Amino acid sequence: MNKCLLGRRCSGWSGLAVTVFATARIFGDSPGLAPDKSMYSLFNPTPREAMRELSADRPDKTDSPMTVDAGHFQVEMDFASVTFDRDRDTETTAYDITPALIKLGVLNNVDAQLVLTHYRSERVRDRVTGEITTVTGWDDITPRLKWNLLGNDGGFFSLALLPFAKIPTATHNLGNGAIEGGLKIPYALDVPGWDVGLQSEYSVGRNDSAAGYHWIFANSVSVGRPILGKLSYFVEFYGAETTETGRRWVGTIDTWFTYQCSENLRLDLGVYIGVTDAAEDWHPFVGMTWRY
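Being a predicted model, the structure only gives us computed values, none of them experimental. (Residues numbered from 1 in each chain as written. Predicted model: local features only at pLDDT ≥ 70, side-chain atom pairs only at ≥ 80, totals over all residues. Heavy atoms only, no water.)

### A closer look at the overall build of the protein chain
Worth spelling out the cut-off: Numbering of helices and strands runs from the N terminus, with a helix taken as a DSSP run of H or I at least four residues long and a strand as a DSSP run of E at least two residues long. Each residue is assigned to one of three classes by its accessible area relative to the maximum for its type, calculated with a 1.4 Å probe on protein chains only: buried under 20%, partly exposed between the two thresholds, exposed over 50%. Computed with the Shrake-Rupley method and a 1.4 Å probe, the accessible areas treat only the protein chains shown as cover for residues.
From N to C terminus, the protein chain includes one helix and 15 strands. In the protein chain, buried positions account for 41% of the 292 residues. For the protein chain, the accessible surface area stands at approximately 15100 Å², while carbon and sulfur atoms represent 62% of it.

### Notes on the pairing of strand β9 (residues 180–189)
Selection rule: Pairing between strands requires that DSSP locate at least two bridges from one strand to the other.
Pairing of strand β8 (residues 157–166) with β9 involves eight bridges; the strand directions are antiparallel. Counted as the bridge partner of Leu162 is Lys184 from β9. Relative to strand β10 (residues 195–206), β9 runs antiparallel, the two being bridged by nine bridges. Considered in β10, the bridge of Leu189 is made with Val196. From the end of β9 to the start of β10, which pair antiparallel, there are five residues, and Gly193 there has a positive phi angle of about 85°.

### Some thoughts on the side chain of Glu180
Our working rule: Each polar contact in these results corresponds to two N or O atoms within 3.5 Å; when the atoms are within protein, one needs to be able to donate a hydrogen and the other to accept it, and residues that are neighboring in sequence are counted only if both atoms are side-chain atoms. A contact between two residues is defined here by any heavy atoms of the two lying within 4.5 Å.
One can find Glu180 in strand β9. Side-chain polar atoms of Glu180 contact the backbone nitrogen of Arg206, separated by 2.8 Å. What Glu180 contacts, discounting residues up to four positions off in sequence, is Ala165, Lys166, Val204, Gly205, Arg206 and Tyr213.

### With respect to the pairing of strand β11 (residues 213–228)
Of the strand pairs in this sheet, β10 and β11 are connected by 12 bridges, and their pairing is antiparallel. Across the sheet, residue Ser200 finds its bridge partner in β11, namely Asn219. Relative to strand β12 (residues 231–242), β11 runs antiparallel, the two being bridged by 12 bridges. By the bridge assignment, Gly224 is partnered in β12 with Phe234.

### Observations regarding the packing of aromatic side chains
Using the following cut-off: Pairing of aromatic side chains here covers Phe, Tyr and the six-membered ring of Trp, requires ring centres within 6.5 Å, and sorts the geometry by plane angle: under 30 degrees stacked, over 60 edge-to-face, intermediate tilted.
The full count for this structure, using the stated rule, is 10 aromatic pairs. An angle of 50° between the planes, with centres 6.2 Å apart, marks the rings of Phe157 and Tyr187 as tilted. Here Tyr187 lies in strand β9 and Phe157 lies in strand β8, a separation of 30 residues in the sequence. Judged by its relative accessible area of 1%, Phe157 falls in the buried class. Classification of Tyr187 by relative accessible area gives buried; the value is 1%. Between the aromatic rings of Tyr202 and Phe217, the centroid separation amounts to 6.1 Å while the plane-to-plane angle is 75°, which identifies the pairing as edge-to-face. In this pair, Tyr202 is assigned in strand β10 and Phe217 in strand β11, connecting sequence segments 15 residues apart. Of the residues examined, Tyr202 reaches a relative accessible area of 23% and is grouped as partly exposed. On the accessibility criterion, Phe217 (18% relative accessible area) is buried. Three or more aromatic residues link up through ring pairs in this structure, and these residues are Phe73, Trp290 and Tyr292.

### Some details on a nonpolar patch on the surface
Let me state the cut-off plainly: The residues that make up patches have over 30% relative accessible area and no salt bridge, and they are joined within 9 Å when like-charged or within 5 Å when they are Val, Leu, Ile, Met, Phe, Trp or Tyr. Salt bridge, as applied in this entry: a Lys or Arg side-chain nitrogen positioned within 4 Å of an Asp or Glu carboxyl oxygen.
Where nonpolar side chains cluster on the molecular surface, the patch consists of Ile227, Leu228, Tyr233, Val235, Phe237, Ile253, Phe257 and Val275 and spans about 700 Å² of accessible area. Within the residue set of the nonpolar patch, elements represented by two or more residues are β11, β12 and β13 (250–262). Among the elements that take part in the nonpolar patch, β12 stands out by supplying three residues, more than any other. As for its placement among the helices and strands, Phe257 is situated in strand β13.

### Re the pattern of salt bridges
This model, assessed by the stated rule, comprises 23 salt bridges. When the shortest N-O distance is used, the salt bridge between Lys166 and Asp140 registers 3.6 Å. Of this pair, Lys166 sits in strand β8 while Asp140 sits in the loop between β6 (132–137) and β7 (142–150), and the two are 26 residues apart along the sequence. Residue Lys166 shares its accessibility class with Asp140, and that shared class is buried.

### Focus: the confidence of the model for the protein chain
Atomic detail in the predicted coordinates should be set aside for any region of low pLDDT. Spelled out, the test is: Within a predicted model, pLDDT stands for the predictor's per-residue confidence, ranging from 0 to 100.
When pLDDT is averaged along the protein chain, the result is 90, and 89% of the positions lie at 70 or above. Low confidence marks residues 1–12, where pLDDT is under 50. Its contacts with residues over four positions away, or in another chain, come to 11 contacts. Contacts for the low-pLDDT stretch residues 22–31, under 50 throughout, to residues beyond four places or in other chains number nine contacts.

### Some points on unusual backbone geometry
The linkage connecting Arg58 with the following residue, Pro59, adopts the cis geometry, with an omega of -5°. Topologically, Pro59 is positioned in the loop between α1 (3–27) and β1 (73–86). The backbone of His172 shows a phi angle near 55°, a positive value even though the residue is not glycine. Among the secondary structure elements, His172 is positioned in the loop between β8 and β9.

Right, here's the structure in full:
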């Protein structure tokens, strides 16, 4: 894909975010309607009765713009997940055991996060020679910080900034040994009866074929709604472009169910499905979100 098309695609999503944000500011919720929770912090936790509804960054790739209430923590994790990918030369199967996103509410509109994978196993089979290579160990960790700018405690529109940095802690060549990072901009619309989330991401990654870094531009949209009691169904489209020579567009269609067990516990089950050659073919998962 040429750079002009890439620029139009990225600027189009960013323009949509700016337009919706401006509309929300002009026609949206009045600040007086939202409760004042600015006095709460890590050392002055939000009372249980004042906490917002459970909101998670999993299992979709579209993060939520809402933060964890101050003084509380949240764990979002897969019990286990598997990734299958097959291309012209190789077949790859990867297993992740209890990969988790851990969050801690620092202020009413800020939470600190840590993404980590306790154990990963990759099995690669060369389709030409039949040779099989298996690598196991720890994966990289990724500290993140979410800062909600609007709509954390109600309103038509919510928006956050989510900077992140990947720390190369992976063992046995599971990672590329490079520091990488960027900025995610998740935003959501309050549509009665529906869950609508969108995200734009701008990040830098290490080149595979040579020294140096490249830009990555990703966008996603997630839509879902309750279908039977506490059971909900979601679908998401995700696309990512890169400026690295030889890299192709990554596109996936993701789908999953969630079940709201209680106000602080949610289970999920689903799969990411690659729709382009550069994307991983299948990534089924089962996991949960738990808040304390």
